[in-house]
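# Secondary and tertiary structure notes
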Amino acid sequence: MSSRNQQLFERAQRHIPGGVNSPVRAFRSVGGTPLFFQKGAGSQVQDADGKWYTDYVGSWGPMILGHAHPEVIAAVQAAVVDGLSFGAPTEKEVEIADLLCELVPSMEMVRLVSSGTEATMSAIRLARGYTGRDILVKFEGCYHGHSDALLVKAGSGALTFGNPSSGGVPASTVATTLVLPYNDPQALAEAFKTHGDQIATVIVEPVVGNMNLIAPTAEFLKAMRELTAKHGAVLIFDEVMTGFRVGLKSAQGLFSITPDLSTFGKVVGGGMPLGAFGGKRKIMEKIAPLGPVYQAGTLSGNPIATAAGLATLKLIQAPGFYESLTAKTKSLCEGLVGAAKTHGVAFSAQNIGGMFGLYFAEQCPGTYDAVLHCDKEAFNRFFHAMLEAGHYFAPSAFEAGFVSAAHSEAEIAGTVAAADAYFASLK
Ligand SMILES: *Cc1c(COP(=O)(O)O)cnc(C)c1O
């Protein structure tokens, strides 16, 4: 009677902490047994019991073309037979660097790494090395990977330095990190007033996707660009999630703000471990071997990862790609909101390009505090009802969702119909 998912999860817990290799996969937030996937095809994923789901997680963002896209798989297959890694430069790295700098005009130079975490961690070191300053400003609720300096929560006062948000992070490591509220230009102005000549960098998710989805206000982005420029601090847009997800020009193109450095991951590798950081030439030239800021990686620019990345970046440039992706994601959000309204459920949703947020609240939240006030229990019940009906949403009320180019309007209508039936059952 026990399902294969359950059997695998029990077995996994023997030798893998919590049975998972990344904590949110464990379903702790929503409860229940995590699904083990064995296969994906387009918008669909299949679990270890053979059940298929319409996937709104997409590996947390990378699978913008859907699973097992034939052209991406062919590129990987072609690359694999020539060898897996050389630890020496290859032509594909040059090709993807050229393409990234062409697609993201704020990047004059770019370096490849193997994850989003490495990209942000390296960009911060570079910003500190370039400015010769120590203070890092980040915003509450933004996630920039799991390096020590970024696992920090706000201090007790608005302008006091942060405390570690993870065991194992020395207080000294985050003693130079200031955590400020998102979408609060005043707080940022205050921070620059007090510490302006010591702030090395401000790092931000230009659309937050790691506390559900939060859209930035124009004033917030504008203040950030002006204040960093005025005080000689480096503005880092962490586009690991938003890069090639909210549009071909990423969030910086969408909002017409030019950061000094940008970080990428997720979509850029098309499902393979690939990240990148880049920006102004005069900053990037501080990296080894040109400059004093050390950064390296045995598998950086891996030939299989660059093959998958190049194939993905080629396909997303098709005319109308983002118009169609955005329209489908919007259909999902509007459909769900319509269904909830019909049945009197307090619910809202919004999308920016191919990413979306669902909230059990009357209005889309604009701050971290507002996200915390959404009805998490209502989300958890929705999550399980939808899962049962074959629709896989992120297993946490604090994550954004993703639609791929492989999702059809009919599949999205099916998801909306399932939600409608669930909302109706609540009466
Ligand atoms: C996912 C994510 C990261 C971390 O990337 P990994 O590849 O998981 O290390 C960093 N920043 C943002 C905005 C992300 O969404």
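Note that this is a predicted model, so its numbers are computed, not measured.

### Things to note about the domain arrangement of the protein
Examined at the domain level, the protein breaks down into domain 1 (4–64 + 320–425) and domain 2 (70–315). Taking only C-alpha atoms, the centre of domain 1 and the centre of domain 2 are 26 Å apart. On the side of domain 2, 26 residues touch domain 1, which itself brings 28 residues to the contact. The junction of domain 1 with domain 2 conceals about 2,200 Å² of combined surface from both sides, 65% of it contributed by carbon and sulfur atoms. Here domain 1 is connected to domain 2 by 0 salt bridges. Here domain 1 is connected to domain 2 by 10 residue pairs in polar contact (both at pLDDT 80 or more). Within the residue set of the side of domain 1 that touches domain 2, elements represented by two or more residues are α10 (321–342), β13 (348–352), β14 (355–359) and α11 (368–372). At 5 residues, the largest contribution of residues to the side of domain 1 that touches domain 2 is made by β14. Here the residues of the side of domain 1 that touches domain 2 are counted per class, giving 20 nonpolar, 7 polar and 1 charged.

### Topic: the sheet that holds strand β9 (residues 199–204)
The 7 strands are arranged β4-β12-β11-β10-β9-β5-β8 in an open sheet whose pairing can be described as mixed. Each of the sheet's edge strands pairs with one partner strand only, and the pair in question is β4 (109–113) and β8 (177–180). When strand polarity is set aside, the average angle formed by the axes of neighbouring strands in this sheet is 20°. Across 3 bridges, the pairing between strand β10 (residues 234–238) and strand β11 (residues 261–264) is parallel. Residue pairing in the sheet places Ile-236 in a bridge with Leu-261 of β11.

### Considerations on the side chain of Ser-348
Turning to its location among the elements, Ser-348 is positioned in strand β13. Since its relative accessible area comes to 6%, Ser-348 is described here as buried. Side-chain polar atoms of Ser-348 contact the backbone oxygen of Gln-363, separated by 3.4 Å. Looking at Ser-348, its side chain comes within polar contact range of the main-chain nitrogen of Cys-364, at 3.4 Å.

### Concerning the site of the ligand
In the vicinity of the ligand, the residues found are Ser-115, Gly-116, Thr-117, Tyr-143, His-144, Gly-145, Glu-205, Asn-210, Asp-238, Val-240, Met-241 and Lys-266. One of the side-chain N or O atoms of Thr-117 is found 2.6 Å from an oxygen atom in the ligand. Asn-210 has a polar side-chain atom sitting 3.0 Å from an oxygen atom of the ligand. Across the complex, the protein chains shield 84% of the 380 Å² of accessible surface that the ligand would expose by itself.

### With respect to the pairing of strand β2 (residues 44–47)
The alternating pattern of β2 places Gln-44 and Gln-46 on one face and Val-45 and Asp-47 on the opposite face, and all of these are buried. Bridging between strand β1 (residues 37–41) and β2 involves 4 bridges; their strand directions are antiparallel. Among the inter-strand pairings, Lys-39 is bridged to a residue of β2, identified as Gln-46. Counted between consecutive antiparallel strands, the loop separating β1 from β2 contains 2 residues, among which Gly-42 sits at a positive phi close to 60°. Counting the residues in the hairpin turn of β2 and strand β3 (residues 52–55) gives 4 residues, including Gly-50, whose phi is positive at 90°.

### A short note on the sheet that holds β13
Strands in a sheet are paired, the pairing made by backbone hydrogen bonds, and the direction either parallel or antiparallel. The strand order across the open sheet built from 3 strands is β13-β14-β16, with neighbouring strands paired in antiparallel fashion. Both outer strands of the open sheet, β13 and β16 (401–402), are each paired with one neighbouring strand and no more. In terms of strand pairing, β14 meets β16 through 2 bridges, oriented antiparallel. Paired with Met-355 across the strands is Phe-402, a residue of β16.

### Section: the pattern of salt bridges
Applying the stated criterion to the full structure yields 5 salt bridges. A salt bridge links Lys-222 to Glu-226; its shortest N-O distance comes to 3.4 Å. Residue Lys-222 and its partner Glu-226 are both found in helix α6 (residues 218–231); the two are separated by 4 residues, about one turn of the helix. Since its relative accessible area comes to 48%, Lys-222 is described here as partly exposed. Look at Glu-226 and you get partly exposed, because its relative accessible area is 44%. For Arg-225, the salt bridge goes to Asp-260, with nearest N and O atoms at 3.0 Å. Of this pair, Arg-225 sits in helix α6 while Asp-260 is found in the loop between α7 (250–254) and β11, placing the two residues 35 residues apart along the sequence. On the basis of relative accessible area, Asp-260 is assigned to the buried category, the value being 5%. When salt bridges that share partners are traced, they join Arg-225, Asp-260 and Lys-280 into one network.

### Some remarks on the packing of aromatic side chains
Where two aromatic rings form a pair, the distance of their centres and the angle of their planes describe that pair. Tallied over the entire structure, the rule returns 23 aromatic pairs. Both rings, one in Phe-347 and one in Phe-423, keep their centres 5.7 Å apart while their planes meet at 55°; by these two values the pair is tilted. Remark: Phe-423 occurs in helix α13 (residues 409–425) and Phe-347 occurs in the loop between α10 and β13; sequence separation between them is 76 residues. Note on Phe-347: relative accessible area 5%, which makes it buried. Judged by relative accessible area, which is 0%, Phe-423 ranks as buried.

The rules behind the values
Residues numbered from 1 in each chain as written. Predicted model: local features only at pLDDT ≥ 70, side-chain atom pairs only at ≥ 80, totals over all residues. Heavy atoms only, no water. Domains from an automatic or database assignment. Contact = heavy atoms within 4.5 Å. Buried area = accessible area lost by both parts, 1.4 Å probe. Salt bridge = Lys/Arg side-chain N within 4 Å of Asp/Glu carboxyl O. Polar contact = N/O pair within 3.5 Å; in protein donor to acceptor, adjacent residues only side chain to side chain. Helix = DSSP H or I, 4+ residues; strand = E, 2+ residues; numbered from the N terminus. Nonpolar A, V, L, I, M, F, W, Y, C, P; charged D, E, K, R; others polar. Pairing = 2+ DSSP bridges. Axes fitted to C-alpha atoms, helices over the stretch in contact; angles between N-to-C directions. Buried < 20%, exposed > 50% of the residue type's maximum accessible area, 1.4 Å probe, protein only. Near = heavy atom within 4 Å. Areas by Shrake-Rupley, 256 points an atom, 1.4 Å probe, with all protein chains shown as cover. Phe/Tyr/Trp six-rings, centres within 6.5 Å; stacked < 30°, edge-to-face > 60°.

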